[in-house]
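A closer look at the structure
The primary structure of each chain is shown beneath.
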There are 4 protein chains.
Amino acid sequence: MGNQPPGSPAVGRREDDKQAVRSEHAHDPSRVLALSDGVFAIIMTLLVLEVHVPELSQGQSLTDALRQIWPSLTAFVISFILAGMCWVGHRDLFGLIRQTDRGLVWLNILYLLPLCLLPFAASLLGRYDREPVALRVYGLVLVAIALMRVAIWVYATSRSHLLWRRLDDRQRGAGLGLTIAPVLVYLVAFAVAGLTPTLSLLIFAAVPLVYFLGITGLRLGRMGNREYSDFT
Amino acid sequence: MGNQPPGSPAVGRREDDKQAVRSEHAHDPSRVLALSDGVFAIIMTLLVLEVHVPELSQGQSLTDALRQIWPSLTAFVISFILAGMCWVGHRDLFGLIRQTDRGLVWLNILYLLPLCLLPFAASLLGRYDREPVALRVYGLVLVAIALMRVAIWVYATSRSHLLWRRLDDRQRGAGLGLTIAPVLVYLVAFAVAGLTPTLSLLIFAAVPLVYFLGITGLRLGRMGNREYSDFT
Amino acid sequence: MGNQPPGSPAVGRREDDKQAVRSEHAHDPSRVLALSDGVFAIIMTLLVLEVHVPELSQGQSLTDALRQIWPSLTAFVISFILAGMCWVGHRDLFGLIRQTDRGLVWLNILYLLPLCLLPFAASLLGRYDREPVALRVYGLVLVAIALMRVAIWVYATSRSHLLWRRLDDRQRGAGLGLTIAPVLVYLVAFAVAGLTPTLSLLIFAAVPLVYFLGITGLRLGRMGNREYSDFT
Amino acid sequence: MGNQPPGSPAVGRREDDKQAVRSEHAHDPSRVLALSDGVFAIIMTLLVLEVHVPELSQGQSLTDALRQIWPSLTAFVISFILAGMCWVGHRDLFGLIRQTDRGLVWLNILYLLPLCLLPFAASLLGRYDREPVALRVYGLVLVAIALMRVAIWVYATSRSHLLWRRLDDRQRGAGLGLTIAPVLVYLVAFAVAGLTPTLSLLIFAAVPLVYFLGITGLRLGRMGNREYSDFT
């Protein structure tokens, strides 16, 4: 894949081809994506599964019982959309990547780690939705996911042999801004959790809206610039 | 993929090819399908997993205890077949699609959201199978899934660059009819849940039959019309 | 794919190619395999997950508590190997299949249905390992899985356009024998569960051994006959 | 794939090609990898899911309750990294493999068996983190996973028709050393669990560090030797 090993000129052309095929297998992102999609699918399913079928207490109607799980349902719908945003972001980022190396593989595993904590944080938020601590845990998990995405962006885009196409400095900067923005938003939601839990909750709920408006604005503003219009 | 960016004439043919490859990666539906198949696999497995191993109470035989989980087992078998129908429908629909864009990716995520609520609704129905509220929740989840499928159908088939092959108006109309039909059926089951819970239950159980008969009739009636005979 | 639609001679060669590509997409087994592999992966993981971390009762050591989950662990290891056998059989069978049709897709979904009941049956057996009812439920689930595999074999091998290569009658007969054998074994285990639970348990535990010896014998006896040596 | 069946000279070239395609399907590792990636994704997700949302007891603040789940969280983060290492090792190993046979398929299933016990062992360790028995169970599961990896390495590398490229004796020996090393480390952690539980815990926590340093050292020492630099 471009950087063939220097040695062994005695080994003929055919051996080189075989090596190239094998090397392509070793650096192929397909299993990294398979693992990630698997984790995302499970996370998204489990998020909503945390909404439990209520046990009816004495003299309680099922309608009342279902009303009680409403905050829990809301927390999980928001988390589902946020997880969907993470997946779309992951897909966009890896859409740029032609091959992986050891660093990228491990950064991706460390990205999946906080992601796997999302159902726990969502469950905590669903049960204790006005508790500052629950909001802080939720915020921290989202910050960690967003930070790992920044790390993958910086790592991958500074190694052009990993990419389908070299990005120029302006493109890298714009992408960095797009990946850092959620880190800042979640940090604000984390910071205000102690003072005004409701504001913190509102920020989490508003992120999908901000995201949709933001990316649409960016697309309109840079019409014809294919790198951005490709972003889903 | 047909619509190359207009700019940068200095960039040569080779760069164009690379861009085309990268663009194909960015719009490739494979990860959308991987995520969806993962979610479907988990949903279908978890549906039946909700059938719990009974704890024997004083003097109760295991046979009696197993008889008690019968309604729960029935609810989950019906839900499994309905989930299977959703998957087959999803596979048919995405069989038409050559590439995805941002809207389609997000419509698919919003399709997976109510789908993830199916195990919850099935569990509710298994425990409270004569309660109108449980039947209504179950119906609503199915309506939401079916509606999102209509949305994907309308969105994708009106953007012919997303398809392997342009559909004519008659084909789009017939497909729309096929995707709207389940919405109406589930709405009826939802509407009658309050008056006659048994009828509502019967409708849910009958949907797979209606589906098999309906699509078979359609196939017989349009023999040789490949678009429909392709539908599984 | 061979059976092009008769009509529309006005549509040129290029349209035919596109249609072939699209048709190939509609009949491609890849999503059927993705769904099945996802279900198998979840089943196998959940089987062993049913082994619960013990809660220590008053004055009980952890060593004693772990000894109590031994039957449960045994039941799940056997079930894991049986699920592995099902997966290997599914892989062998679909290794023959070049394209799917509506019948095959649905037979596969109906194959996955009893498979999803395996963790339930294994959990029942792990908790009530001497109860004839638990053994019967376990046996029935295995019979249902094995029967659906027979159905897929008969359906697929009698439709040569679905296969990579037509099988002759002798090959189809031998394959039928191989797929029917487990049905009979599990039926025996089911039948004797009431009289001698221990024998029933032993049969389930012995099936993997019988399978390994049986298929090895068959491979030795038919050396050079590629259809069988291909079977894993 | 090279070793065409000897018989039937009447069957022409085209039939041979079809057979080659079919044979390639039968030996294609893709479904083995799909199953494995699915299992890894579920294991990694479930590991962290075992961290339960605390129920507040009388007069307890949520902050205190979260402090109680700290050991559990630590155990699961360590297990997640260890599972990530297993996955990276599995990916490296199967990156060498061009086609599978019956033995390899079954060795892989027997590799997945102890892997599926990892969430159980991690849950045990999270609840009883100073109990020698919990540490021994955790160690045994890791030893079993590492041993199965050795078995796959020995089996696959001694059958060069399964590989993309034949390995020489030096390469096989070095790879064997790399796969045996974790077995020994986990055995030590298992052995000292009775005397000094803390040391045992420390070893498990230190393995990721040892791994990162070890493989980096190996890469620096063998710069330019592509077989090793390919390892992630």
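Residues numbered from 1 in each chain as written. Chains lettered and ligands numbered in written order. Predicted model: local features only at pLDDT ≥ 70, side-chain atom pairs only at ≥ 80, totals over all residues. Heavy atoms only, no water.

Before going further, it helps to examine the overall build of chain A. Within chain A one finds ten helices and zero strands. Listing every helix and strand of chain A by position from the N terminus yields α-α-α-α-α-α-α-α-α-α. Across the 232 residues of chain A, 56% fall into the buried class. Sequence-distant contacts, at least 24 apart, represent 72% of the contacts inside chain A between residues at least 6 apart. (Helix = DSSP H or I, 4+ residues; strand = E, 2+ residues; numbered from the N terminus. Buried < 20%, exposed > 50% of the residue type's maximum accessible area, 1.4 Å probe, protein only. Contact = heavy atoms within 4.5 Å.)

Right, let's talk about the nonpolar core for a bit. Membership of the largest hydrophobic core comes to 316 residues, with the highest contact counts inside it found for Tyr138 of chain A, Tyr138 of chain B, Tyr138 of chain C together with Tyr138 of chain D. Beyond its immediate stretch of four places on either side in the chain, tyrosine 138 of chain D contacts Ala75, Ile78, Ser79, Leu82, Leu118, Ala121, Ala122, Leu125 and Phe204 of chain D. (Core = buried A, V, L, I, M, F, W, Y, C linked by side-chain atoms within 4.5 Å.)

Facing 42 residues of chain A, the contacting portion of chain D comprises 45 residues. Both sides together, the interface formed by chain A and chain D hides about 4000 Å², and carbon and sulfur atoms give 68% of it. For the pair chain A and chain D, the number of links is one salt bridge. Here aspartate 37 of chain D ties to arginine 31 of chain A by a salt bridge, and the two come within 2.8 Å at their closest N and O atoms. Taken together, the links from chain A to chain D amount to four residue pairs in polar contact (both at pLDDT 80 or more). Among the secondary structure elements, those contributing two or more residues to the side of chain A that touches chain D are α1 (13–27), α2 (30–49), α5 (102–116), α6 (118–127) and α7 (132–157) of chain A. (Buried area = accessible area lost by both parts, 1.4 Å probe. Salt bridge = Lys/Arg side-chain N within 4 Å of Asp/Glu carboxyl O. Polar contact = N/O pair within 3.5 Å; in protein donor to acceptor, adjacent residues only side chain to side chain.)

In this section: the confidence of the model for chain A. Residues and elements named next belong to chain A. When pLDDT is averaged along chain A, the result is 81, and 81% of the positions lie at 70 or above. Across residues 1–16, where pLDDT falls below 50, the model places ten contacts with residues more than four positions away in sequence or in other chains. A low-confidence stretch, residues 223–232 stays under pLDDT 50, and its non-local contacts, those more than four residues away or across chains, total 32 contacts. Our summary of model confidence lists the complex with pTM equal to 0.86 and ipTM equal to 0.83. (pLDDT = per-residue confidence, 0-100.)

A word on the environment of leucine 142 of chain A. Residues and elements named next belong to chain A. Tracing the backbone through its elements, the reader meets leucine 142 in helix α7. Taking the C-alpha atoms as reference points, leucine 142 and isoleucine 81, 61 residues apart in sequence, are found 13 Å from one another. Each residue touching leucine 142, except ones within four places of it in the same chain, is listed here: Leu82, Leu118, Tyr186 and Phe204.

Attention now moves to a nonpolar patch on the surface. Among the surface-exposed residues, Ile180, Leu184 and Leu187 of chain A lie close enough to one another that they form a single nonpolar patch of about 240 Å² accessible area. Its location among the elements puts isoleucine 180 of chain A in helix α8 (residues 169–191). (Patch = residues over 30% accessible without salt bridge, like charges linked within 9 Å, V, L, I, M, F, W, Y side chains within 5 Å. Areas by Shrake-Rupley, 256 points an atom, 1.4 Å probe, with all protein chains shown as cover.)

Turning our attention to helix α4 (residues 70–95) of chain D. Between its first and last C-alpha, α4 of chain D extends 37 Å over 26 residues, near the 38 Å set by a 1.5 Å rise per residue. Along α4 of chain D, 22 of the 26 residues are buried, which leaves the element largely enclosed by surrounding structure. (Expected span 1.5 Å × (residues − 1).)

A few words on the relation of the copies chain A and chain D. Each copy of the sequence occupies a distinct position, and chain A is placed on chain D by a rotation of 90° and an axial shift of 0.0 Å, giving an RMSD of 0.0 Å. Expressed as a symmetry operation, the mapping of one chain copy onto the other fits a four-fold axis. The C-alpha atom lying nearest the rotation axis in chain A is that of glycine 38 of chain A; the distance is 4.3 Å. The fraction of interface residues of chain A whose copies in chain D are also interface residues is only 2%, indicating that the copies meet through different surfaces. (Least-squares fit on C-alpha atoms with pLDDT ≥ 70 in both.)

What follows concerns the pattern of salt bridges. Residue and element names in this part refer to chain D. Overall, the coordinates contain eight salt bridges over all chains when judged by the stated rule. Salt-bridge contacts for arginine 67 lead to aspartate 64; the nearest nitrogen and oxygen are separated by 3.7 Å. With arginine 67 and aspartate 64 both in helix α3 (residues 62–68) and three residues apart, this pair spans about one turn of that helix. Arginine 67 gets classed as exposed once you look at its relative accessible area, which sits at 56%.

Locating aspartate 37 of chain C in the fold gives a position in helix α2 (residues 30–49). Every residue in contact with aspartate 37 of chain C, bar those within four places of it in the chain, is listed here: Trp87 of chain C together with Arg31, Ala34 and Leu35 of chain D.

Residue and element names in this part refer to chain C. Applying the stated criterion to the full structure yields eight aromatic pairs over all chains. An angle of 80° between the planes, with centres 4.9 Å apart, marks the rings of tyrosine 138 and phenylalanine 204 as edge-to-face. Of this pair, tyrosine 138 sits in helix α7 (residues 132–157) while phenylalanine 204 sits in helix α9 (residues 197–221), and the two are 66 residues apart along the sequence. Residue classification places tyrosine 138 among the buried residues on the basis of a relative accessible area of 0%. Seen from the ring of tyrosine 155, arginine 159 lies directly overhead, with NZ or CZ sitting 3.7 Å from the centre. (Phe/Tyr/Trp six-rings, centres within 6.5 Å; stacked < 30°, edge-to-face > 60°. Lys NZ or Arg CZ within 6 Å of the ring centre and 35° of its normal.)

A word on the packing of helix α6 (residues 118–127) of chain C against α7 of chain C. Residue and element names in this part refer to chain C. Relative orientation of the contacting elements α6 and α7 amounts to 155°, with a least axis distance of 9 Å. Here α6 is positioned roughly antiparallel relative to α7, judged by the angle of their axes. As α6 packs across α7, the resulting crossing turns out to be left-handed. Residues Leu118, Phe120, Ala121, Ala122, Leu124 and Leu125 of α6 lie in contact with α7, whose contacting residues are Ala134, Leu135, Val137, Tyr138, Val141 and Leu142. A breakdown of the residues in the contact of α6 with α7 according to their chemical character gives twelve nonpolar, no polar and no charged. (Axes fitted to C-alpha atoms, helices over the stretch in contact; angles between N-to-C directions. Parallel < 35°, antiparallel > 145°, perpendicular 65-115°, else oblique. Left-handed = near helix turned anticlockwise from the far one by under 90°. Nonpolar A, V, L, I, M, F, W, Y, C, P; charged D, E, K, R; others polar.)

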